Amino acid sequence: MPIQLLVNIDHIATLRNARGEGYPVPAQAAQICEKAGAAGIVFHLRGDRRHIMDHDLTELKESVQGVLDFEMAATEEMIELLHQVHPDICTLVPEGREELTTEGGLHLAAVFEDFKTRVFPAIRNGTGGSKVEISLFVDPNLDDIQGAIELGSDAIELHTGTYANASTPSAAQAELSRLTTAAKMAHAAGLKVNAGHGLNQKNLAPFLHAVPHLADISIGHALISEAVFHGLANTVQAYMTIIGQVKEGPR
């Protein structure tokens, strides 16, 4: 299975919201990304609506032709919106009001019972027969991988922020080792292995060459930032070139 690029378009909405004049439109950005080769789109509807807004959901659902990944906190409000949108994937993430961005993976031990008894049943039973994959955003901790397995998650998304922000080559290599072990464990249990956070054109290739069994790679902030200088379609294509040189993750 080839590795796929999913573009997170949250910061298109951030730019729009800075002036409140209705543009740029996230759904239009999504169309450009897909035409340039992206396999799909990621968006995070946060409780404080700091970037993506509720009205964006319908526009994205209508516009996106490939994979649509709804990042969300495991709240009743978001689960209800999930049932209205019917994306392909919902990625459950931790969410803090004061954070600038998602700062790490879910601590599954703390939420395991709630996910088992409330969240997973609510997602599984409310989709009207339309299956939505459940993915859990986790750090490469084996306890959290085991928790995802026991919950019956369809996928995990490995948090790559620690790798991306490593201050030394040795620290980056150590985190790649952790990511590799986590990916192998999840894959062996039948989970789809996605990844994202902090990846850019400099650190993406080493990550792809090192970590096995990768499926969807979510990239947002770096890609949108680079697009300011090089254009959105050109930047997506640059990332697609990097991914294309790997073809498939190592086995």
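Residues numbered from 1 in each chain as written. Predicted model: local features only at pLDDT ≥ 70, side-chain atom pairs only at ≥ 80, totals over all residues. Heavy atoms only, no water.

Chemist: Any details on the nonpolar core? Residues and values, ideally.
Modeler: Formed by 74 residues in total, the largest nonpolar core has its most connected members in Leu-92, Leu-136 and Phe-207. Among residues more than four places away in sequence, those in contact with Leu-136 are Leu-92, Leu-106, Leu-108, Phe-115, Phe-120, Ala-148, Leu-151, Ser-153, Ala-155, Ile-156 and Glu-157. (Core = buried A, V, L, I, M, F, W, Y, C linked by side-chain atoms within 4.5 Å. Buried < 20%, exposed > 50% of the residue type's maximum accessible area, 1.4 Å probe, protein only. Contact = heavy atoms within 4.5 Å.)

Chemist: Tell me about the packing of aromatic side chains, and name the residues and values.
Modeler: Taken as a whole, this structure holds 3 aromatic pairs when the rule is applied. Relative to Phe-207, the ring of Tyr-163 has its centre 5.9 Å away and its plane inclined at 35°; by these criteria the two rings are tilted. Of this pair, Tyr-163 sits in helix H7 (residues 161-164) while Phe-207 sits in helix H9 (residues 204-210), and the two are 44 residues apart along the sequence. Classification of Tyr-163 by relative accessible area gives buried; the value is 6%. (Phe/Tyr/Trp six-rings, centres within 6.5 Å; stacked < 30°, edge-to-face > 60°. Helix = DSSP H or I, 4+ residues; strand = E, 2+ residues; numbered from the N terminus.)

Chemist: So what's going on with the pattern of salt bridges? Residues and values would help.
Modeler: Pairs can form between side chains of opposite charge once their charged atoms are near each other. In the structure shown here, the tally under the stated rule is 13 salt bridges. Note that Arg-118 and Asp-114 form a salt bridge whose closest N and O atoms lie 2.8 Å from each other. With a gap of 4 residues between them, Arg-118 and Asp-114 both fall in helix H5 (residues 108-125), about one helical turn apart. Judged by its relative accessible area of 31%, Asp-114 is partly exposed. Put simply, Arg-46, Asp-48 and Arg-50 are held in one network by salt bridges that share partners. (Salt bridge = Lys/Arg side-chain N within 4 Å of Asp/Glu carboxyl O.)

Chemist: So, the pairing of strand E8 (residues 214-219): which residues are in play, and what are the values?
Modeler: Of all 6 residues making up E8, 6 are buried, and the element is well covered by its neighbours. Two strands pair when backbone bridges link them, and strand E7 (residues 192-196) and E8 are joined in this way by 3 bridges, in the parallel orientation. Pairing of Val-193 across the sheet is with Leu-214, part of E8. A crossover connection joins E7 to the parallel E8 through H9; in handedness this β-α-β unit is right-handed. (Pairing = 2+ DSSP bridges. Right-handed = clockwise from strand over helix to strand, strands pointing away.)

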